[in-house]
There are 2 protein chains.
Amino acid sequence: MLVLPSAFVNLCIFTWREKSLMKLQAPKHSAPRPQAEPALNQKQIVQAALQLLDEVGFEGLTMRNLAKKLGIKAASLYWHMRDKEELLSLLADEICEPMREPDRTLSWQDQLEILGNEFRRVLLAHRDAARVLASSGAPSGPNILRLTEILLRTLLDAGFSSKDAAYAGFMLNDFIVMFVSEETQFAHVPAESAAAASYNAKNWFKALPPDQYPSVIALADDLVESDSNERFKFGIMILRSGLESCLAHRKARNQI
Amino acid sequence: MLVLPSAFVNLCIFTWREKSLMKLQAPKHSAPRPQAEPALNQKQIVQAALQLLDEVGFEGLTMRNLAKKLGIKAASLYWHMRDKEELLSLLADEICEPMREPDRTLSWQDQLEILGNEFRRVLLAHRDAARVLASSGAPSGPNILRLTEILLRTLLDAGFSSKDAAYAGFMLNDFIVMFVSEETQFAHVPAESAAAASYNAKNWFKALPPDQYPSVIALADDLVESDSNERFKFGIMILRSGLESCLAHRKARNQI
DNA sequence: ACCTGAACACCGTTCAAGT
DNA sequence: ACCTGAACACCGTTCAAGT
């Protein structure tokens, strides 16, 4: 869902690397290639990057490792893309490619919920995908742009003002990206280490001074381990009913 | 507010660097120093780090730069702290130090809102503070722990179950950390560059194919630039009323 | 047009050695 | 107890040079 992460502004506002008004130019209209295919194109690089991501995670996704995987030198990558930021943008868009659109005849609430579930599904499909989206910073890709469109359209159709729709869009996007980043943070530590650490963490909380931290101690179990699906559902429910009552409030105000 | 970021689990669950069950040990009971003060202690390092952060931002906050600022060699830092992760944890706690507690006689909604505003205030007080909190990964510090306690206590007092309180705590924390990360992302680019880029971004959106992206185009202005205070208020309002109706729903269900 | 060699300017971290 | 020298194993990126 959402699609316009911090990333969004990222691209919009001159990336802090000081070099990118240029990045907002129209997408490369893939130049007609009269001759044989070149050894390598952007698409192949992005797909190799996605594979590398699944193998080694976000930390291991370096330009050098990617080059190695492709059997070329790191410097060669810079012929096909401006920098790592662009790679991450392309990768983010690639990750969002399998997103399915919700049925437009459903209520806006259900459409948003489905969009949220879809976005999470797509993010869970690749290792550290949420971190890629969190750091990608560019809505330039067609898939992300399409998602943004669906999300914003749904909010506008529901009756939100431009501003509210934009704000809500950010919120929904951020929630999901953040949520999945968290829930997958330890997806790749060996199971027994994770269990031991979780046990350890609970005990650590419970050993805190009870007069100072009674609530933390009482909630230690729920803080340390939780059913991700349930927790996600809770979050979506909160946002859903929050948006609902916002809409009701605005409408009531307008009818006075 | 919130206080238990992804970070939270981070520490809890064995950090992915594979070396940290140990990190959950009780905090170093500062050994009684019989002699003169050593040249350097942890507190001074953390304060220097905070200063360095304000000067050069999160990117520039490296162990090597920090050492240079302190007039020592980078290797020396490892005498006072395990690694950079620990530095970030300590720094996160230092950032949260000025948090004020909301008046307990207020409604839980108002207490949460005040807690949210306070957290944002504290994060805005230092450059890239939100990024530090997002990446700190450790609730071990006393300030963060105190905040967590207040937040969870407020939620429990409001009548939320343990699970709901824990989930809501994560949500509120994540929202604020993410929000401030976003709103400050371009705080340090020269004003005229930011303005130019924003202008550029709007035009880029507006030049998209109107049949494919009508909503994105319609909302271009609101997506690219927005009043942060207003947007934050919107988010808090959504969460507030979402939590309210969750609570009402649970209570109604329990009374049947 | 596409790729490489070789370098530049960095990182975090370790560890034997100094005092 | 505390700090340094020197190295290790990396990063992203540039650019002249090759083909």
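Residues numbered from 1 in each chain as written. Chains lettered and ligands numbered in written order. Predicted model: local features only at pLDDT ≥ 70, side-chain atom pairs only at ≥ 80, totals over all residues. Heavy atoms only, no water.

### Structural notes on the overall build of chain A
Move 1: Within chain A, the secondary structure is distributed over 13 helices and zero strands.
Move 2: Buried positions account for 53% of the 256 residues belonging to chain A.
Move 3: At a minimum sequence separation of 6, the contacts of chain A that also span at least 24 residues come to 70%.
Move 4: About 11800 Å² of surface is accessible on chain A, with carbon and sulfur atoms providing 53% of the total. (Helix = DSSP H or I, 4+ residues; strand = E, 2+ residues; numbered from the N terminus. Buried < 20%, exposed > 50% of the residue type's maximum accessible area, 1.4 Å probe, protein only. Contact = heavy atoms within 4.5 Å. Areas by Shrake-Rupley, 256 points an atom, 1.4 Å probe, with all protein chains shown as cover.)

### Quick word on the interface of chain B and chain A
Move 1: Tallying the contact residues gives 76 residues for chain B and 75 residues for chain A.
Move 2: Across the chain B/chain A interface, buried area totals approximately 6900 Å², and carbon plus sulfur atoms make up 73% of it.
Move 3: Taken together, the links from chain B to chain A amount to two salt bridges.
Move 4: Across the contact surface, chain B and chain A share ten residue pairs in polar contact (both at pLDDT 80 or more).
Move 5: Within the residue set of the side of chain B that touches chain A, elements represented by two or more residues are helix 1 (6–12), helix 8 (142–158), helix 9 (162–183), helix 10 (191–206), helix 11 (214–218), helix 12 (220–224) and helix 13 (228–255) of chain B. (Buried area = accessible area lost by both parts, 1.4 Å probe. Salt bridge = Lys/Arg side-chain N within 4 Å of Asp/Glu carboxyl O. Polar contact = N/O pair within 3.5 Å; in protein donor to acceptor, adjacent residues only side chain to side chain.)

### As for the protein's contact with DNA strand C
Move 1: Close to DNA strand C lie 20 residues; Lys73(A), Ser76(A), His80(A), Arg64(B) and Tyr78(B) are nearest.
Move 2: Sugar and phosphate atoms represent 57% of those atoms of DNA strand C found within 4 Å of the protein.
Move 3: Between His80(A) and DNA strand C, the recorded distance is 2.6 Å, taken from a side-chain N or O atom to a phosphate oxygen.
Move 4: Tyr78(B) places a side-chain nitrogen or oxygen 2.7 Å from a phosphate oxygen of DNA strand C.
Move 5: Taken together, the elements giving at least two residues each to the surface near DNA strand C come down to helix 4 (74–80) of chain A together with helix 3 (63–70) and helix 4 (74–80) of chain B.
Move 6: When residues in the surface near DNA strand C are grouped by element, the largest group, four residues, is from helix 4 of chain A. (Near = heavy atom within 4 Å.)

### Concerning unusual backbone geometry
In most cases, non-glycine residues show a negative phi, while peptide bonds are predominantly trans.
Move 1: The residue Asp128(A) is not glycine, and still its phi comes out positive at about 60°.
Move 2: Turning to its location among the elements, Asp128(A) is positioned in the loop between helix 6 (108–124) and helix 7 (129–136).

### Remarks on the domain arrangement of chain A
Move 1: By the assigned domains, chain A splits into domain 1 (42–95) and domain 2 (189–225).
Move 2: Placing a centre on the C-alpha atoms of domain 1 of chain A and another on those of domain 2 of chain A gives a separation of 38 Å. (Domains from an automatic or database assignment.)

### Some words on the relation of the copies chain B and chain A
One copy of the chain maps onto the other through a rotation about an axis followed by a shift along the same axis.
Move 1: Here chain B sits on chain A after a turn of 180° about the axis and a move of 0.0 Å along it, with an RMSD of 0.0 Å. In short, the pair behaves as if placed about a two-fold rotation axis. When C-alpha distances to the rotation axis are compared across chain B, the minimum falls at Gly242(B), with a value of 1.9 Å.
Move 2: Comparing contact sets, 99% of the residues at the interface of chain B also lie at the interface in chain A, consistent with an isologous, same-surface contact. (Least-squares fit on C-alpha atoms with pLDDT ≥ 70 in both.)

### With respect to the protein's contact with DNA strand D
Move 1: Around DNA strand D there are 20 residues in total, and Arg64(A), Tyr78(A), Lys73(B), Ser76(B) and His80(B) lie nearest to it.
Move 2: Sugar and phosphate atoms form 57% of the subset of DNA strand D atoms that lie within 4 Å of the protein.
Move 3: For DNA strand D, a phosphate oxygen lies 3.4 Å from a polar atom in the side chain of Asn65(A).
Move 4: Of all elements in the fold, only helix 3 (63–70) and helix 4 of chain A together with helix 4 of chain B reach the threshold of two or more residues within the surface near DNA strand D.
Move 5: The element that contributes the greatest number of residues to the surface near DNA strand D is helix 4 of chain B, accounting for four residues.
Move 6: Classifying every residue of the surface near DNA strand D gives nine nonpolar, four polar and seven charged. (Nonpolar A, V, L, I, M, F, W, Y, C, P; charged D, E, K, R; others polar.)

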